[in-house]
Amino acid sequence: MERTGAAAVIIGNEVLTAKVQDLNGPHLIKRLREVGIPLLSVETVLDDVDAIVDAVSRARRKARYVFTSGGIGPTHDDVTVRAVAMAMGRKVVRLQEMLDLIMSRATERQLTPEALRLADAPEGAVLLPQSGTWFPVLSVDDIFLLPGVPQLFRLQLETVLARLSGSPVAMSCLYLSLGESDIAAVLDRVALDMPHVAIGSYPEFDPAKDYRVKVTIESAQRGPVDDALERIVTGLPEGAVVRRE
């Protein structure tokens, strides 16, 4: 079966020990949604080779595109390159193109063995030119190794997304004054009649909000979304809809 969609592996001890809040996972979720590439999973793992190998292997089995975040710098805990290579059954090689970039920008004092680790990559990797910075995106067979620093992650993600194609979904939202128990029968009926439309129900317990349940209706086409929305509204008591979006 052909793999579709994307999966993400967020890498870093600092995330799992609450030293740093992960901003890259939520941003990736948002951007993939906007461009219409289904995201199948997001997994967060330690800076541990075995953990990364397992996570990347799982991601590759289910998704066409795999995004990693973190662990591609020059320090001892940056092990993502080696782990991705192992997950793919490949060697780690030194990319001459990346080596040339590093040497063209660094002073002799900066050309340490550790700095040159930035040129290491899984065998078969290619560099994607990155607008706005000299540091390119490292990719290998639809795995994109992105940095953990949020500003750099966002820049490089846009370079990758510009090369991919997706199908943005159509979606509408209903904000209702009723509880889930009061609307369940209506949602069940519409969902049964229209299985090609995804209907979600999300209760809100903050008394300061002006609604009790948010209902989302989404599909590949706008027509079925509008049809399902009207069916739901028609089935609800008058005054149940606080607003539509």
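Up top is the structure these notes are about.
Quick caveat: nothing in here was measured; it's all calculated off a predicted structure.

Caption draft 1: Structural detail: the packing of helix α3 (residues 49-62) against helix α4 (residues 80-88). For the pair α3 and α4, the least separation of the axes is 8 Å and the interaxial angle reads 50°. Between α3 and α4, the crossing angle belongs to the class labelled oblique. In this structure, α3 meets α4 at a crossing whose hand is right-handed. Seen from α3, the contacting residues are Val49, Ile52, Val53, Val56, Ser57 and Arg60; seen from α4, they are Thr80, Arg82, Ala83, Val84, Met86, Ala87 and Met88. Of the residues contributing to the contact of α3 with α4, the split by class is nine nonpolar, two polar and two charged.

Caption draft 2: How the structure looks around the sheet that holds strand β10 (residues 198-203). Strand order in this open sheet of four strands is β10-β11-β9-β12, and the pairing throughout is antiparallel. Either end of the sheet is taken by a strand with one partner, and the two such strands are β10 and β12 (241-244). Taking each pair of neighbouring strands and ignoring which way they run, the sheet shows an average axis angle of 20°. Contacting β9 (170-176), β10, β11 (213-219) and β12, helix α8 (residues 222-235) runs over the sheet at an angle of about 15° to β9.

Caption draft 3: Molecular detail of the sheet that holds strand β3 (residues 65-69). With mixed pairing, six strands are arranged side by side in an open sheet as β2-β1-β3-β8-β7-β6. The two strands at the open ends of the sheet, each matched to only one other strand, are β2 (39-45) and β6 (126-128). On average, each strand axis in the sheet is tilted by 20° relative to the strand beside it, whichever way the strands run. Pairing of β6 with strand β7 (residues 137-140) involves three bridges; the strand directions are antiparallel. Residue pairing across strands places Val126 opposite Ser139, the latter belonging to β7. Along the sheet, helix α6 (residues 150-161) contacts β3, β6, β7 and β8 (143-146); its crossing angle with β8, the most-contacted strand, is approximately 160°.

Caption draft 4: Up close: the packing of helix α2 (residues 24-35) against α6. Orientation of α2 relative to α6, taken along the N-to-C sense of each, is 25°, at an axis distance of 11 Å. Accordingly, the angle class assigned to the pair α2 and α6 is roughly parallel. For the pair α2 and α6, the crossing hand works out as right-handed. Of α6, the residues touching α2 (which contributes Asn24, His27, Leu28, Arg31, Leu32 and Val35) are Pro150, Phe153, Arg154, Leu157, Glu158 and Leu161. Here the residues of the contact of α2 with α6 are counted per class, giving seven nonpolar, two polar and three charged.

Caption draft 5: Quick peek at the environment of Ser104. By the element assignment, Ser104 lies in helix α5 (residues 96-105). A residue is classified by how much of its surface remains accessible, and Ser104, at 54% relative accessible area, is exposed. A polar side-chain atom of Ser104 sits 2.8 Å from the main-chain carbonyl oxygen of Leu101.

Caption draft 6: Region of interest: unusual backbone geometry. For Ala18, which is not a glycine, the phi torsion comes out positive at approximately 65°. Inspection of the secondary structure puts Ala18 in the loop between α1 (13-16) and α2. Positive phi outside glycine occurs at Asp142, with the angle close to 65°. Counting through the fold element by element, Asp142 comes out in the loop between β7 and β8.

Caption draft 7: View of the environment of Asp182. Following the sequence through the fold, Asp182 ends up in helix α7 (residues 180-193). With relative accessibility at 48%, the residue Asp182 sits in the partly exposed group. Sequence-wise, Asp182 and Asp48 are 134 residues apart; in three dimensions their C-alpha atoms are separated by 48 Å.

Caption draft 8: Broad picture of the side chain of Asn24. The residue Asn24 is located in helix α2 in this model. Here the side chain of Asn24 touches Ser69 through a polar contact of 2.9 Å, side chain to side chain. Among the polar contacts made by the side chain of Asn24, one reaches the main-chain carbonyl oxygen of Gly148 at a distance of 2.8 Å. Those residues in contact with Asn24 that lie beyond four places of it in its chain are Ser69, Pro147, Gly148, Pro150 and Phe153.

Quick notes on the rules
- Residues numbered from 1 in each chain as written.
- Predicted model: local features only at pLDDT ≥ 70, side-chain atom pairs only at ≥ 80, totals over all residues.
- Heavy atoms only, no water.
- Axes fitted to C-alpha atoms, helices over the stretch in contact; angles between N-to-C directions.
- Helix = DSSP H or I, 4+ residues; strand = E, 2+ residues; numbered from the N terminus.
- Parallel < 35°, antiparallel > 145°, perpendicular 65-115°, else oblique.
- Left-handed = near helix turned anticlockwise from the far one by under 90°.
- Contact = heavy atoms within 4.5 Å.
- Nonpolar A, V, L, I, M, F, W, Y, C, P; charged D, E, K, R; others polar.
- Pairing = 2+ DSSP bridges.
- Buried < 20%, exposed > 50% of the residue type's maximum accessible area, 1.4 Å probe, protein only.
- Polar contact = N/O pair within 3.5 Å; in protein donor to acceptor, adjacent residues only side chain to side chain.

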